[in-house]
Amino acid sequence: MTTLHGRRTRILAATTATAGLLLVAGCTSTDDGGSGSKTAGGVALVKAGQLTTCTHLPYPPFQSEIGGKVQGFDVALIDLVAKNLGVKQAIVDTPFENFKTGAFLNSGECDLAAAGMTITEERKKNVDFSDPYFNATQAVLADKKSGVTSLADVKAKKIKLGAQAQTTGEDYARKQGFDPVSFESSDAVLNGLRTGQVKAVVIDYPVVQGWLKDKANAAALEVADNIDTGEQYGFTVKKGNTKLREAVDKALSDAKADGTYKKLYEKWIGPYDESAASPAAS
């Protein structure tokens, strides 16, 4: 499958549980000088009283719906930014392809984007990244019956490989000479593996960790390979939005200094890995 096109978005509650989701077709926007409000810190927001975050669901453990509420590692970190600004976080579910172009930031629909997104030179052309907040590696997850032991093995045995569309995992697979089956979301990737559409997938290792916590997944699937691609995740803001970028960086720095980051890491990711948790700035 390919990523969704068009402007359809979903507005989801991040700070309070809701009975359901509000679906909206199309969107409205304001620029920095429009109807947005300014916080005490001087940060312009697209909507009064809230920090509006664009994401792409689901992508556990970074963001996913749990009990009608969007939760995860990214959500918790951006909640810290919102708290410092004296507002609440609101989340908008959007197609992942827009994160590469910064479309929803430029249109004034969102203040920032948080989607387990790797910092790349290509993406830097369109958006400004925060300091990196997580070191990520890629994993090859395979059906245990496939006999796959590495990515090279996938190629040698001509196993059908899958990946999430528009991600660095898909890019990496293509650079290694694969033509992977593209799935629109991480849930679709897992479903493709479970149903036999593909026998192995390349995707971020933290996502795989989350999947394997499920006993049924662990019984049928296994990590065949770990690939250190040197990737780092960052949050993004509109080009030139220095004040908000600095507010994000300050929240991350404070959280690492006071132990909040470690607590959230252990809650959402797993055993604390200081090398992954304290990446140097790109």
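Further up the page is the structure itself.
Analysis parameters
Residues numbered from 1 in each chain as written. Predicted model: local features only at pLDDT ≥ 70, side-chain atom pairs only at ≥ 80, totals over all residues. Heavy atoms only, no water. Phe/Tyr/Trp six-rings, centres within 6.5 Å; stacked < 30°, edge-to-face > 60°. Helix = DSSP H or I, 4+ residues; strand = E, 2+ residues; numbered from the N terminus. Buried < 20%, exposed > 50% of the residue type's maximum accessible area, 1.4 Å probe, protein only. Core = buried A, V, L, I, M, F, W, Y, C linked by side-chain atoms within 4.5 Å. Contact = heavy atoms within 4.5 Å. Polar contact = N/O pair within 3.5 Å; in protein donor to acceptor, adjacent residues only side chain to side chain.

## Here we look at the packing of aromatic side chains
Logical step 1: For the structure shown, the criterion picks out 14 aromatic pairs.
Logical step 2: Seen from their ring centres, F73 and Y133 are 6.4 Å apart, and the 40° between their planes marks the pair as tilted. Residue F73 is located in helix α1 (residues 73–85), and its partner Y133 is located in the loop between β8 (127–129) and β9 (134–143); the two are separated by 60 residues in the primary sequence. With respect to class, F73 is no different from Y133; both count as buried.
Logical step 3: Taken together, the ring pairs in this structure connect Y59, F62, F73, Y133, F134, Y233, F235, Y261 and Y265 into an aromatic cluster.

## Side note on the nonpolar core
Logical step 1: Membership of the largest hydrophobic core comes to 46 residues, with the highest contact counts inside it found for L51, F73 and F134.
Logical step 2: Counting residues per element, this core draws most heavily on α1, at 7 residues.

## Looking at the environment of T120
Logical step 1: Structurally, T120 is set in the loop between β7 (112–113) and α4 (121–124).
Logical step 2: Note: C-alpha distance between T120 and Y233 (113 residues apart in sequence) is 9.3 Å.
Logical step 3: Contact partners of T120, with chain neighbours within four places excluded, come to F129 and T168.
Logical step 4: For T120, the side chain forms a polar contact with the main-chain nitrogen of R123, separated by 3.1 Å.

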